[in-house]
Amino acid sequence: MGLVTTTEMFRKAYNGGYAIGAFNVNNMEIVQGITEAAGELNSPVILQVSKGARAYANHTYLVKLVEAAIIENPQIPIALHLDHGDSFELCKSCIDGGFTSVMIDASSKPFEENIEITKKVVEYAHAHGVVVEAELGTLAGVEDEVSVEAGKEMYTRPEEVEEFVSKTGCDSLAIAIGTSHGAYKFKPGTKPQLRFDVLEECTKRLPGFPIVLHGSSSVPQEFVEMVNQYGGNMPGAIGVPEDQLRHAAELSVCKINIDSDIRLAMTGNIRKYFAEHPDHFDPRQYLKPARQAVKDMVAHKITNVLGSAGKAADLTK
């Protein structure tokens, strides 16, 4: 199919009561694991690249890896998305460099400045056939280039969403309803609970408009335990319950971002491999089970959380 934008993906997802998985990619094994799972399950998928990933792996290498994945999985729609772009210049570079979707995250700025920056990105992106995700509200946590101190996060104010979308022309909106970046989303002993009242009010004010959830890894305890069992130190790592994410996907959430769960699955399996094979040193040996762990994790999310299995056929007719 070649790379696609998220426009039709989101329209189908919104009407169908499911979400598209947006998985962060940093290297070949992650790209392979994600797209093999999506290909076998006939699911549309978003591969997203952060500013940190571009610095680590190089823009060109990442784009070429995604192009290879498209050749290997021609039956599924794949979008290439910039995650948390922090400037017009970064967004422009990705637009010019082959991305089909970009996020401009000016959520830390005052409302009017957020509108101004986002509108500038939208105008350039739309002129080049690229779609734009923006953000209102801020999530706590640390992941890659994003860092917001706990207690300084801010829920999205539903009364602002109509004006923001109208003035910016953005194509989707990331909102803050209690998710958080990284693996330490909630304090031990607390009951994680997303603010569905905020989501529902935003939906009422933006009927038919695609909503995005960031920081939506569930931090499976089996992998936290695996990391700790084989030399790691991750006490109190807690994520978003998957049943709450599934409910969000049944509403207006069309894109759910998942990164930490992939990192946990990979790291846990690599630590386990090293412990069981201390004499091995070939990267292919330990990256093979790590790649399989990514594939298994993505397949689980597609089937049990996102509800997007089999939906690629709706987009390829």
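In this text the structure is predicted, and so the values were computed from the model without any measurement. (Residues numbered from 1 in each chain as written. Predicted model: local features only at pLDDT ≥ 70, side-chain atom pairs only at ≥ 80, totals over all residues. Heavy atoms only, no water.)

A word on the overall build of the protein
Right, so step 1: A tally of regular secondary structure across the protein gives 13 helices and 10 strands.
Right, so step 2: Since a compact globule built from 317 residues should have a radius of gyration of about 20 Å, the 19 Å found for the protein is in line with a globular shape.
Right, so step 3: With respect to the principal axes defined by its C-alpha atoms, the protein has extents near 60 × 45 × 35 Å.
Right, so step 4: Taken across its 317 residues, the protein has 56% of its residues classed as buried.
Right, so step 5: By sequence separation, contacts in the protein at least 24 residues apart represent 77% of the contacts at least 6 residues apart.
Right, so step 6: On the protein, roughly 13500 Å² of surface is accessible, and the fraction owed to carbon and sulfur atoms is 52%. (Helix = DSSP H or I, 4+ residues; strand = E, 2+ residues; numbered from the N terminus. Rg over C-alpha atoms; globule rule 2.2 N^0.38 Å. Buried < 20%, exposed > 50% of the residue type's maximum accessible area, 1.4 Å probe, protein only. Contact = heavy atoms within 4.5 Å. Areas by Shrake-Rupley, 256 points an atom, 1.4 Å probe, with all protein chains shown as cover.)

Some points on empty space enclosed by the protein
Right, so step 1: As enumerated under the stated definition, the model contains 2 cavities of 30 Å³ or more in all.
Right, so step 2: Of the pockets and cavities examined, the second largest cavity occupies roughly 40 Å³.
Right, so step 3: Lining the second largest cavity are Thr6, Phe10, His81, Ser101, Val131, Val132, Glu133, Ser172 and Lys255.
Right, so step 4: When residues of the lining of the second largest cavity are assigned to their parent elements, the largest contribution, 3 residues, is made by strand β5 (residues 131–136). (1 Å grid on protein atoms, 1.4 Å probe; cavity = no way out; pocket = protein on both sides within 12 Å on 5 of 7 lines; lining within 4 Å. Points joined across faces, edges and corners; volume = space filled by probe spheres on them.)

Considerations on helix α10 (residues 242–250)
Right, so step 1: Three or more residues of α10 are buried, namely Gln244, Leu245, Ala248 and Ala249. Around the axis of α10, the buried residues are gathered within 145° of arc, so they sit on the same side.
Right, so step 2: Among the structural elements, α8 (196–205), β9 (211–213), β10 (253–258) and α12 (283–306) are those in contact with the buried residues of α10. (Arc of directions from axis to C-beta.)

Some details on the state of the cysteines
Disulfides are covalent bonds that link the sulfur atoms of two cysteine residues.
Right, so step 1: Here the structure, examined in full by the defined rule, presents 0 disulfides.
Right, so step 2: Among the cysteines around Cys94, which has no disulfide bond, Cys91 carries the closest sulfur, lying 7.0 Å off. (Disulfide = S-S within 2.5 Å.)

Description of the side chain of Gln48
Right, so step 1: When you line up the elements, Gln48 lands in strand β2 (residues 45–50).
Right, so step 2: Here Lys255 takes part through its side chain, which lies 3.2 Å from a polar atom of the side chain of Gln48.
Right, so step 3: Among residues more than four places away in sequence, those in contact with Gln48 are Ala22, Phe23, Asn24, Val25, His81, Asp83, Lys255 and Asn257. (Polar contact = N/O pair within 3.5 Å; in protein donor to acceptor, adjacent residues only side chain to side chain.)

A few points about the pairing of β2
Right, so step 1: Counting buried residues along β2, 6 of its 6 residues qualify, which places the element largely inside the surrounding structure.
Right, so step 2: Bridging between strand β1 (residues 20–24) and β2 involves 3 bridges; their strand directions are parallel. Each residue of the ladder has a partner; that of Ala22, found in β2, is Ile46.
Right, so step 3: Once you follow β1 into helix α2 (residues 28–40) and on to β2, the crossover reads as right-handed.
Right, so step 4: With 6 bridges joining them, β2 and strand β3 (residues 78–85) adopt parallel strand pairing. Within β3, the residue paired with Ser50 across the bridge is Asp83. (Pairing = 2+ DSSP bridges. Right-handed = clockwise from strand over helix to strand, strands pointing away.)

Comments concerning the sheet that holds strand β8 (residues 172–175)
Right, so step 1: The strand order β1-β2-β3-β4-β5-β8-β9-β10 describes a closed barrel built from 8 strands, whose pairing is parallel. For this sheet, the mean angle separating the axes of adjacent strands, direction not counted, is 25°.
Right, so step 2: Here 4 bridges tie β5 to β8, and the two strands are oriented parallel to one another. Among the inter-strand pairings, Glu135 is bridged to a residue of β8, identified as Ala174.
Right, so step 3: Across the sheet, helix α1 (residues 7–16) lies against β1, β2, β3, β5, β8 and β10, angled at about 110° from β10, the strand it touches most.
Right, so step 4: Across the sheet, α12 lies against β1 and β10, angled at about 150° from β1, the strand it touches most. (Axes fitted to C-alpha atoms, helices over the stretch in contact; angles between N-to-C directions.)

Examining the packing of aromatic side chains
Right, so step 1: Tallied over the full model, the rule gives 3 aromatic pairs.
Right, so step 2: With a centroid separation of 5.8 Å and an interplanar angle of 80°, the aromatic rings of Phe88 and Tyr124 are classed as edge-to-face. Highlighted residues: Phe88 in helix α5 (residues 88–96) and Tyr124 in helix α6 (residues 111–127), separated in sequence by 36 residues.
Right, so step 3: Sitting over the ring of Tyr155, Arg195 keeps its end group 4.9 Å from the ring centre. (Phe/Tyr/Trp six-rings, centres within 6.5 Å; stacked < 30°, edge-to-face > 60°. Lys NZ or Arg CZ within 6 Å of the ring centre and 35° of its normal.)

As for the nonpolar core
Right, so step 1: The biggest cluster of nonpolar side chains holds 76 residues, and the ones touching the most others in it are Ile34, Val102 and Leu173.
Right, so step 2: Per-element tally for this core: the top contributor is α12, with 7 residues.
Right, so step 3: If sequence neighbours within four positions are ignored, Ile34 has contacts with Phe23, Asn24, Val25, Val45, Leu47, Ile262, Val294 and Val298. (Core = buried A, V, L, I, M, F, W, Y, C linked by side-chain atoms within 4.5 Å.)

Quick word on the pattern of salt bridges
Right, so step 1: Counting across every chain of the model gives 18 salt bridges.
Right, so step 2: As a salt-bridge pair, Glu201 and Arg205 come within 2.9 Å of each other at their nearest N and O atoms. Placement of both Glu201 and Arg205 in helix α8 is noted, with a separation of 4 residues, approximately one turn of the helix.
Right, so step 3: Judged by relative accessible area, Glu201 falls into the partly exposed class, the value being 27%. (Salt bridge = Lys/Arg side-chain N within 4 Å of Asp/Glu carboxyl O.)

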